[in-house]
Amino acid sequence: QVQLVESGGGLVQPGGSLRLSCTASGFTFSSYAMSWYRQAPGKRELVARIFSGGTTNYADSVKGRFTISRDNAKSTVYLQMNSLKPEDTAVYYCNVFQGLNYWGQGTQVTISS
């Protein structure tokens, strides 16, 4: 079955960086778009998406600061987050859509001084 396991969250000061990882199993990773969402109280947002061919999309709020990438050999998608702001604080989820949405368990990112 589809499994998504995120890692890499934590507490960082404003202006800092974090890299999130999501390792997938149970499907042909290279064939699917992979996404990162974040959930703050009362708000869920699509942060970034990378398609199977490598095309990427970003939310306006993170453009120029976040970079999504994938390593098909490792079945892993990454989210490099730079110049972090307090408003980036959220639980970040890895997602794949295969007729149904599949989600990882989430990883907490907290930006605070």
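All values reported here derive from a predicted model rather than from experimental measurement.

Parameters and conventions
- Residues numbered from 1 in each chain as written.
- Predicted model: local features only at pLDDT ≥ 70, side-chain atom pairs only at ≥ 80, totals over all residues.
- Heavy atoms only, no water.
- Helix = DSSP H or I, 4+ residues; strand = E, 2+ residues; numbered from the N terminus.
- Rg over C-alpha atoms; globule rule 2.2 N^0.38 Å.
- Buried < 20%, exposed > 50% of the residue type's maximum accessible area, 1.4 Å probe, protein only.
- Contact = heavy atoms within 4.5 Å.
- Lys, Arg positive; Asp, Glu negative; His and termini not counted.
- Charge placed at Lys NZ, Arg CZ, Asp CG, Glu CD.
- Core = buried A, V, L, I, M, F, W, Y, C linked by side-chain atoms within 4.5 Å.
- Salt bridge = Lys/Arg side-chain N within 4 Å of Asp/Glu carboxyl O.

Student: Sorry if this is basic, but what is going on with the overall build of the protein here?
Tutor: Assigned secondary structure in the protein consists of 0 helices and 11 strands. Computed over its C-alpha atoms, the radius of gyration of the protein comes to 13 Å, within 12% of the 13 Å expected for a compact globule of 113 residues. Here the protein holds 113 residues, and the buried ones make up 40% of them. For the protein, restricting intrachain contacts to residue pairs at least 6 apart in sequence, the fraction spanning at least 24 positions comes to 52%. In the protein, which carries 10 positive and 6 negative side-chain charges, the distance between the mean positions of the two groups comes to 3 Å.

Student: So what exactly am I meant to see when it comes to the nonpolar core here?
Tutor: In a soluble, globular protein the nonpolar side chains are often hidden away together inside. L4, M34, W36, V77, L79, M81 and Y92 are the most contacted members of the largest nonpolar core, which totals 28 residues. What L4 contacts, discounting residues up to four positions off in sequence, is C22, T23, A24, F27, M34, C94, N95, V96, Y102, W103, G104 and Q105.

Student: Even after reading the chapter, I still don't get the pattern of salt bridges, so can you show me in this structure?
Tutor: Two side chains that carry opposite charge are able to pair once their charged atoms sit near each other. By the definition in use, this model includes 4 salt bridges. The shortest N-O distance in the salt bridge between E45 and R38 comes to 2.8 Å. For E45, a relative accessible area of 15% corresponds to the buried category. Judged by relative accessible area, R38 falls into the buried class, the value being 7%. Between D88 and R65 there is a salt bridge; the shortest N-O distance is 2.7 Å. Residue D88 is found in the loop between β8 (76-81) and β9 (90-97), and its partner R65 is found in the loop between β6 (56-58) and β7 (66-71); the two are separated by 23 residues along the sequence. A single burial state applies to D88 and to R65, both of which are buried.

Student: Where do I start with unusual backbone geometry in this structure?
Tutor: Most peptide bonds take the trans form, and the phi angle of most residues other than glycine is negative. Despite not being glycine, S75 shows a phi value in the positive range, around 50°. The backbone of S83 shows a phi angle near 50°, a positive value even though the residue is not glycine.

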